[in-house]
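Overview (structure and organization)
The lines below spell out each chain.
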Amino acid sequence: MLKTLLFTLIVVAAAVVLLSLRLLLKNDARGPMQHIGASKAMRERDIGCVESMDARERYERAYRPHASEKNRA
């Protein structure tokens, strides 16, 4: 039982070290970018972060003339 537990702990520790090796050896010590807007493929498809898309729509709505204002002029 103790041998199995020790073996499992060693395997898990080795897996953690091997999986984090890239982060440990990089100079800037940051992981891959998780923001959707940073992905080139997503930008090509005009897909962005929900927060960014919402901010863009709010900005456009704030400066877009309303239909009722067009009819008055």
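Residues numbered from 1 in each chain as written. Predicted model: local features only at pLDDT ≥ 70, side-chain atom pairs only at ≥ 80, totals over all residues. Heavy atoms only, no water.

With that out of the way, let us pick up a nonpolar patch on the surface. Taken together, the side chains of Leu 18, Leu 21, Leu 24 and Leu 25 define a hydrophobic patch exposed on the protein surface, amounting to about 450 Å² of accessible area. Sorting elements by how many residues they give to the nonpolar patch places helix H2 (residues 21-25) first, with 3 residues. Mapped onto the fold, Leu 25 is located in helix H2. Residue Leu 25 is classed as exposed on the basis of its relative accessible area, which comes to 63%. (Patch = residues over 30% accessible without salt bridge, like charges linked within 9 Å, V, L, I, M, F, W, Y side chains within 5 Å. Areas by Shrake-Rupley, 256 points an atom, 1.4 Å probe, with all protein chains shown as cover. Salt bridge = Lys/Arg side-chain N within 4 Å of Asp/Glu carboxyl O. Helix = DSSP H or I, 4+ residues; strand = E, 2+ residues; numbered from the N terminus. Buried < 20%, exposed > 50% of the residue type's maximum accessible area, 1.4 Å probe, protein only.)

So, on to the pattern of salt bridges. Applying the stated rule across the entire model yields 2 salt bridges. Between Asp 54 and Arg 58 there is a salt bridge, with the nearest N and O atoms lying 3.0 Å from each other. Of this pair, Asp 54 and Arg 58 both sit in helix H4 (residues 50-63), separated by 4 residues, roughly a single helical turn. Owing to a relative accessible area of 35%, Asp 54 belongs among the partly exposed residues under this scheme.

Before going further, it helps to examine helix H1 (residues 2-19). Between its first and last C-alpha atoms H1 spans 26 Å; for 18 residues at 1.5 Å apiece the expected length is 26 Å, and the two agree. With 0 of its 18 residues buried, H1 lies for the most part at the surface. (Expected span 1.5 Å × (residues − 1).)

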